[in-house]
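# Architecture and fold: a report
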Amino acid sequence: MTSPTPPVGLALEAEDGKLVVLARSARLRAYTSAGQPAEGAAVRDTDGRTYAAATVSHTRPELATSALRAAVVAAASSGARRFEAAVVVTEAAEAAADDLAMLAEFGAGVPLYLAGPDGVARTRTSS
């Protein structure tokens, strides 16, 4: 009997794999209205500290906060000013432009990995 083949994704360094775990866990705590997608995100600053957050929806769409923007805000509120890496666990095929702009505010070239709800990293882009 053969065992099922695990999904193939990007190979991640161990520290980036930890970000995926944190982002998946955060996604479970997302506050979303019916039909709105839940996301989880995690960022690591240049001191090695990690911050995780989830989507916070709102009946007024302009007041909603994406998971990545929430994680960046949490990190910046704690004094982080540069990031080494970020992960978003999402069903989306690509990162939102506003999310990339928020990440880029804290440095160009920060790797951003998108992983599916299964925890498999699918794509890599950068700020």
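As shown above, the structure is provided for reference.
The shown structure was predicted, so the numbers you read here are calculated from the model rather than taken from an experiment.

## A short note on the sheet that holds strand β2 (residues 50-54)
Backbone-to-backbone hydrogen bonds join strands into a sheet, with any given pair of strands oriented parallel or antiparallel. Pairing is mixed across the open sheet formed by five strands, whose spatial order is β2-β1-β3-β4-β5. In this open sheet, the two strands that pair with only one neighbour each are β2 and β5 (121-126). Here the strands of the sheet are splayed against their neighbours by 15° on average, with no regard to which way each runs. Bridge count for strand β3 (residues 83-89) against strand β4 (residues 111-115) is four bridges, and the pairing is parallel. Of the residues in β4, the one forming a bridge with V87 is Y113. Contacts between helix α1 (residues 14-27) and the sheet are confined to β1 (40-45), β2, β3 and β4, with β1 contributing the most and set at about 145° to the helix.

## A closer look at the pattern of salt bridges
Per the counting criterion, the structure on display carries eight salt bridges. In this structure, R44 and D16 form a salt bridge, with 2.9 Å as the shortest nitrogen-oxygen distance. Here R44 is found in strand β1, whereas its partner D16 is found in helix α1, with 28 residues between them in sequence. Judged by its relative accessible area of 8%, R44 is buried. A relative accessible area of 7% means that D16 is categorised as buried. A salt bridge links E62 to R60, with the shortest nitrogen-to-oxygen separation between them at 2.9 Å. Via salt bridges that share partners, D16, R44 and E84 belong to a single interconnected network.

## Structural notes on the nonpolar core
Formed by 21 residues in total, the largest nonpolar core has its most connected members in V43, L68, V72, F83, L103 and L112. Counting residues per element, the ones that place at least two in this core are β1, β2, α2 (67-77), β3 and β4. Ranked by the residues each element gives to this core, the list is headed by α2, at seven residues. Not counting residues up to four positions away in its chain, the partners in contact with L68 are A41, V43, A86, V88, D99 and L112. Membership of the second largest hydrophobic core comes to nine residues, among which are V20, A85, V89 and A115.

What counts and what doesn't
Residues numbered from 1 in each chain as written. Predicted model: local features only at pLDDT ≥ 70, side-chain atom pairs only at ≥ 80, totals over all residues. Heavy atoms only, no water. Pairing = 2+ DSSP bridges. Helix = DSSP H or I, 4+ residues; strand = E, 2+ residues; numbered from the N terminus. Axes fitted to C-alpha atoms, helices over the stretch in contact; angles between N-to-C directions. Contact = heavy atoms within 4.5 Å. Salt bridge = Lys/Arg side-chain N within 4 Å of Asp/Glu carboxyl O. Buried < 20%, exposed > 50% of the residue type's maximum accessible area, 1.4 Å probe, protein only. Core = buried A, V, L, I, M, F, W, Y, C linked by side-chain atoms within 4.5 Å.

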